[in-house]
Amino acid sequence: MSSPTYNNNNNNSNSNNGSQLANMELLTLDNPVFCCYLFWATVLVAKMLLMSLLTALQRFRYKLLGLVPLAVRRKVFPNEEDLFFKNIEVQFDDPHVERVRRAHRNDMENILPYFIMALIYVCTNPNPLVACNLFRVAAIARIVHTLVYAVYPVPQPSRILAFATMMLITFYMAAVVALRTLRFI
Amino acid sequence: MSSPTYNNNNNNSNSNNGSQLANMELLTLDNPVFCCYLFWATVLVAKMLLMSLLTALQRFRYKLLGLVPLAVRRKVFPNEEDLFFKNIEVQFDDPHVERVRRAHRNDMENILPYFIMALIYVCTNPNPLVACNLFRVAAIARIVHTLVYAVYPVPQPSRILAFATMMLITFYMAAVVALRTLRFI
Amino acid sequence: MSSPTYNNNNNNSNSNNGSQLANMELLTLDNPVFCCYLFWATVLVAKMLLMSLLTALQRFRYKLLGLVPLAVRRKVFPNEEDLFFKNIEVQFDDPHVERVRRAHRNDMENILPYFIMALIYVCTNPNPLVACNLFRVAAIARIVHTLVYAVYPVPQPSRILAFATMMLITFYMAAVVALRTLRFI
């Protein structure tokens, strides 16, 4: 819990001087911005992996809850070798499963490019306060997106707002990085 | 705009001497190869995010253009809560929307592994001239791919050529890295 | 082949002392853990790209083998401009092609977050022996997953075991990183 040496502040002042020499320690645990990125990226990776489990849970849903004898008709597996009961058929169009899969695909479309973009953004030595808050807001927005999309569907504006939050943050990071690196086109 | 110290050249000569000591500054803004990677990766991230907007645009297409009264029948939303007009139905098979979605999926299948591969490639301290041109060609090839696939469909050889360009570049990078790191198997 | 200077050991002892100063050389070729990550990530990137080729191969399958005159009916292309013979139709539901595509999607869902997670994990300076073996096991598990899913379908427990191996490794890495960076929340 000893406070780390905030080299980052030194870097910052250097970059104000127009020098780019002090960037070499950006991708280390000495840099609090990088640590913040690590933490929230970890949260999002865990969230994405849980989507796989949520899909599996939706496939087994009624069976796990043990509520409904009709359960056998709800098992929806895409592969023949996944049919544990021989009297059911391969099925692709269960609405609950497909909803979780669309949410998962949306995650891949947005979170994976964000990981790269945010890592690149850390390399440009951004303002720590701005960067950390962007990471926090983006991660929480995507968790809300998953909740209102896949877990408990909610009327529309909520999902679009959560979706747009991370997208705008990613575009902002892209603009910052593009301006910094434009002469290396 | 003062020219950065091209430590990279020093690194290169060092690696020719069989030493691996000077690699520690590769992932910084001092390294022009890394800056070039940052710029073109940013371009590709922005392109990928625009695919989401293009999908949404295709869903609202006729409505936005305000051209056709039949528009109501063209809105194709996968979720029930997305239906802004209650007299239309959930639909999954609009050819224009599905084409953009296939292009987006193809982007994910190819560009996201490329991001990781190119970042790894930068870590092996490649020849700056080769590396920068690979980044440029790969990014432009994918932009062409999107144009001929999702924006304005063009007869076949064009899309396969654009697709193969980035794939071959990625395989080349993989071969270079695998040869450098083979003894750590 | 001269043995590299294992700075990593120094780093490790430093981190045991509670200091975080020596982390700055983690993402270089001097760090054997990073080299091991590079090698196995390269293998997985190549494997993912081969899935695209496998999909294309499945689409052309019977034609390439030249076995069956019915081949013309098996060509399953999603886009109209891909139809090389005008007497066949656009088709979406070939079971062999869809199986490879599901395997490819599963790769994207699991391997791409793993790339980011493992890179982050390297940044926390893990025990070299543990980290290298995790990378090896995870990569081999996914290769097995592809073989039993897309190449030669095998009865069920095999695929779930291969799938769970990488997922558990990713969760383990996430737990390690989250504990290290928890105070930057």
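Residues numbered from 1 in each chain as written. Chains lettered and ligands numbered in written order. Predicted model: local features only at pLDDT ≥ 70, side-chain atom pairs only at ≥ 80, totals over all residues. Heavy atoms only, no water.

K.L.:
Break down the interface of chain C and chain A for me, with residues and values.
P.N.:
With 36 residues of chain C in contact, the opposing surface of chain A contributes 42 residues. Across the chain C/chain A interface, buried area totals approximately 3500 Å², and carbon plus sulfur atoms make up 69% of it. The interface formed by chain C and chain A contains zero salt bridges. Applying the counting rule to chain C against chain A returns one residue pair in polar contact (both at pLDDT 80 or more). (Contact = heavy atoms within 4.5 Å. Buried area = accessible area lost by both parts, 1.4 Å probe. Salt bridge = Lys/Arg side-chain N within 4 Å of Asp/Glu carboxyl O. Polar contact = N/O pair within 3.5 Å; in protein donor to acceptor, adjacent residues only side chain to side chain.)

K.L.:
So what's going on with the UniProt feature "transmembrane region" (unreviewed entry) in chain A? Residues and values would help.
P.N.:
Residues and elements named next belong to chain A. With numbering matched to this structure, UniProt assigns "transmembrane region" (unreviewed entry) to residues 37-57, 111-128 and 159-179. A distance of 21 Å separates the end C-alpha atoms of residues 111-128, which is 78% helix and 0% strand. Helix makes up 100% of residues 159-179 and strand 0%. Its end C-alpha atoms lie 31 Å apart. (UniProt positions renumbered as here; feature names shortened; annotations may be inferred. Helix = DSSP H or I, 4+ residues; strand = E, 2+ residues; numbered from the N terminus.)

K.L.:
Tell me what's going on with the relation of the copies chain C and chain B, and back it up with residues and numbers.
P.N.:
In screw terms, the move from chain C to chain B is a rotation of 120 degrees and a rise of 0.0 Å along the axis, fitting with an RMSD of 0.0 Å. What we have between these two chains is a three-fold relation. Here only 14% of the interface residues in chain C have copies in chain B that are interface residues too; the copies meet through unlike faces. (Least-squares fit on C-alpha atoms with pLDDT ≥ 70 in both.)

K.L.:
Would you mind going over the packing of helix α3 (residues 95-123) of chain C against helix α4 (residues 128-151) of chain C in detail, with residue names and values included?
P.N.:
All names here are of chain C. It is at 10 Å that the axes of α3 and α4 come closest, and there the two elements cross at 175 degrees. Between α3 and α4, the angle is such that the two are roughly antiparallel. Every residue of α4 that contacts α3 at R99, V100, R102, A103, N106, D107, N110, I111, Y114, A118, Y121 and V122 is listed here: V130, A131, L134, F135, A138, R142, H145, T146, Y149 and A150. For the contact of α3 with α4, the per-class residue count stands at 14 nonpolar, four polar and four charged. (Axes fitted to C-alpha atoms, helices over the stretch in contact; angles between N-to-C directions. Parallel < 35°, antiparallel > 145°, perpendicular 65-115°, else oblique. Nonpolar A, V, L, I, M, F, W, Y, C, P; charged D, E, K, R; others polar.)

K.L.:
Could you give me a rundown of a nonpolar patch on the surface, with the residues and numbers involved?
P.N.:
Together, I143, L147, V151 and Y152 of chain C make up a nonpolar patch on the protein surface, roughly 400 Å² of accessible area in all. The topology assignment puts L147 of chain C in helix α4. (Patch = residues over 30% accessible without salt bridge, like charges linked within 9 Å, V, L, I, M, F, W, Y side chains within 5 Å. Areas by Shrake-Rupley, 256 points an atom, 1.4 Å probe, with all protein chains shown as cover.)

K.L.:
Got a sec to walk through the relation of the copies chain C and chain A? Specific residues and values, please.
P.N.:
Applying a rotation about an axis and a shift along it to one chain copy brings it onto the other copy. With an RMSD of 0.0 Å, chain C superimposes on chain A once it is rotated by 120 degrees and translated 0.0 Å along the axis. The residues that chain C uses at the interface reappear at the interface of chain A in only 17% of cases, marking distinct surfaces.

K.L.:
Before we move on, can you summarise empty space enclosed by the protein with the specific residues and values?
P.N.:
Space left empty within the atom packing is revealed by a probe, the size of a water molecule, rolled over the atoms. Taken as a whole and judged by the stated rule, the model has six cavities of 30 Å³ or more. The volume enclosed by the largest cavity comes to roughly 200 Å³. Tallied by class, the residues present in the lining of the largest cavity amount to 24 nonpolar, no polar and no charged. (1 Å grid on protein atoms, 1.4 Å probe; cavity = no way out; pocket = protein on both sides within 12 Å on 5 of 7 lines; lining within 4 Å. Points joined across faces, edges and corners; volume = space filled by probe spheres on them.)

K.L.:
Please provide a residue-by-residue account of the nonpolar core, values included.
P.N.:
Residues F135 of chain A, F135 of chain B together with F135 of chain C are the most contacted members of the largest nonpolar core, which totals 126 residues. Here F135 of chain C is in contact with V33, C36, Y37, W40, Y114, A118, Y121, V122 and M173 of chain C, once residues within four sequence places are set aside. (Core = buried A, V, L, I, M, F, W, Y, C linked by side-chain atoms within 4.5 Å. Buried < 20%, exposed > 50% of the residue type's maximum accessible area, 1.4 Å probe, protein only.)

K.L.:
Lay out the packing of helix α4 (residues 128-151) of chain A against helix α5 (residues 157-180) of chain A with the relevant residues and their values.
P.N.:
All names here are of chain A. Taken N-terminus to C-terminus, the directions of α4 and α5 make an angle of 150 degrees; their axes are 8 Å apart at the nearest point. Considering the angle they form, α4 stands roughly antiparallel to α5. The crossing of α4 and α5 is left-handed. On the side of α4, the interface is formed by V130, L134, F135, V137, A138, A141, R142, V144, H145, V148 and Y149, while α5 contributes S158, R159, A162, F163, T165, M166, I169, Y172 and M173. Grouping the amino acids of the contact of α4 with α5 by side-chain chemistry returns 15 nonpolar, three polar and two charged. (Left-handed = near helix turned anticlockwise from the far one by under 90°.)

K.L.:
How would you explain the interface of chain C and chain B if you had to name every residue and give the values?
P.N.:
Between chain C and chain B, the residue contacts involve 42 residues of the former and 36 residues of the latter. Both sides together, the interface formed by chain C and chain B hides about 3500 Å², and carbon and sulfur atoms give 69% of it. Along the contact surface separating chain C from chain B lie zero salt bridges. Where chain C meets chain B, there are one residue pair in polar contact (both at pLDDT 80 or more). Elements that contribute at least two residues to the side of chain C that touches chain B include exactly α2 (32-65) and α3 of chain C. Sort the elements by how many residues they give to the side of chain C that touches chain B and α2 of chain C lands first, with 17 residues. Here the side of chain C that touches chain B is built from residues that sort into 27 nonpolar, seven polar and eight charged.

K.L.:
Quick rundown of the pattern of salt bridges? Include the residues and the values.
P.N.:
All names here are of chain C. Summed over all chains, the structure comprises nine salt bridges over all chains. Close ionic contact of E109 with R105 constitutes a salt bridge, the shortest N to O distance being 2.8 Å. Of this pair, E109 and R105 both sit in helix α3, separated by four residues, roughly a single helical turn. Like R105, E109 is buried.

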